[in-house]
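Observations on the three-dimensional arrangement
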Amino acid sequence: MNLVESIEKSLQPNPKVPAMQPGDTVRVHQRIVEGDRERIQVFQGVVIRLRKGGANANFTVRRIASNNIGVERTYLLHSPRIDKVEVLRHAKVRRAQLYYFRKLQGKSARLKERMGARAKPTAAATTEPAAPAGAEQAGA
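In what follows, the accompanying structure is described. The model shown is predicted, which means the values in this text are computed figures rather than measured ones.

This part takes up the pattern of salt bridges. The full count for this structure, using the stated rule, is five salt bridges. The shortest N-O distance in the salt bridge between Glu-34 and Arg-39 comes to 3.1 Å. Residue Arg-39 is classed as partly exposed on the basis of its relative accessible area of 34%. For Glu-72, the salt bridge goes to Arg-62, with nearest N and O atoms at 3.1 Å. Of this pair, Glu-72 sits in strand E4 (residues 70-76) while Arg-62 sits in strand E3 (residues 58-64); the two residues are 10 residues apart in sequence, bridging distant segments of the chain. Because the salt bridges share partners, they merge into one network encompassing Arg-31, Glu-38 and Asp-83.

Quick look at unusual backbone geometry now. For Asn-67, which is not glycine, the phi torsion reads 60° and is therefore positive. In this fold, Asn-67 is placed in the loop between E3 and E4. Overall, the relative accessible area of 70% leaves Asn-67 in the exposed class. Phi is positive for Asn-68, close to 55°, though the residue is something other than glycine. Counting through the fold element by element, Asn-68 comes out in the loop between E3 and E4.

Attention now goes to the nonpolar core. Val-17, Met-20, Val-26, Val-28, Phe-43, Val-47, Phe-59, Val-61, Tyr-75, Ile-82 and Val-85 form the largest nonpolar core, which has 11 residues in total. Taken together, the elements giving at least two residues each to this core come down to strand E1 (25-34), strand E2 (37-51), E3 and strand E5 (82-89). If you look at the next biggest cluster of nonpolar residues, it comprises six residues, including Val-46, Ile-48, Leu-98 and Phe-101.

This part takes up the side chain of Thr-25. Here Thr-25 lies in strand E1. Setting aside anything within four residues of it in sequence, one finds Thr-25 in contact with Gln-44, Gly-45, Val-46, Glu-86, Val-87, Leu-88 and Arg-89.

A cluster of basic residues, Lys-92, Arg-94, Arg-95 and Lys-112, forms a positive patch at the surface. Assignment of secondary structure puts Arg-94 in the loop between E5 and helix H2 (123-127). What makes Arg-94 exposed here is its relative accessible area of 76%.

Here we have five strands laid out as an open sheet, ordered E4-E3-E2-E1-E5, and antiparallel in their pairing. The sheet is open, and its two borders are formed by E4 and E5, each paired with just one other strand. Averaged over all adjacent pairs, the angle separating strand axes in this sheet is 40°, with direction ignored. Pairing analysis gives five bridges linking E2 to E3, with the strands arranged antiparallel. Within E3, the residue paired with Val-47 across the bridge is Val-61.

Rules used in this analysis
Residues numbered from 1 in each chain as written. Predicted model: local features only at pLDDT ≥ 70, side-chain atom pairs only at ≥ 80, totals over all residues. Heavy atoms only, no water. Salt bridge = Lys/Arg side-chain N within 4 Å of Asp/Glu carboxyl O. Buried < 20%, exposed > 50% of the residue type's maximum accessible area, 1.4 Å probe, protein only. Helix = DSSP H or I, 4+ residues; strand = E, 2+ residues; numbered from the N terminus. Core = buried A, V, L, I, M, F, W, Y, C linked by side-chain atoms within 4.5 Å. Contact = heavy atoms within 4.5 Å. Patch = residues over 30% accessible without salt bridge, like charges linked within 9 Å, V, L, I, M, F, W, Y side chains within 5 Å. Areas by Shrake-Rupley, 256 points an atom, 1.4 Å probe, with all protein chains shown as cover. Lys, Arg positive; Asp, Glu negative; His and termini not counted. Charge placed at Lys NZ, Arg CZ, Asp CG, Glu CD. Pairing = 2+ DSSP bridges. Axes fitted to C-alpha atoms, helices over the stretch in contact; angles between N-to-C directions.

What follows is the structure, given as structure tokens:
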């Protein structure tokens, strides 16, 4: 047991994995090694499960692939293979595990966005400030 305890104490949280909750839409960038080449593969979906547990902490992401087939991937939270995790959207859910999400498709599979928690605005939306309502153009 000393070996297991020492490993769990030495584990540092992966700084590239932000705080997330079930219902969040995330984009996971994972390093894939194929022979002598290495590439980044992106998987975007909804977090349906978040398990805590020291070295065994993991999270499961689900998305609908082509032909309406659901694909789930489970990632270790402390894995060095995870290059980056982006939280795109926070949804309002009332469960810790969203296993019922597997049966839903189409409009019923939509989740409501949590108020006050928005993703980062796009660069195009922040570059140009809106003109005041009473301002007129100089040429008119």
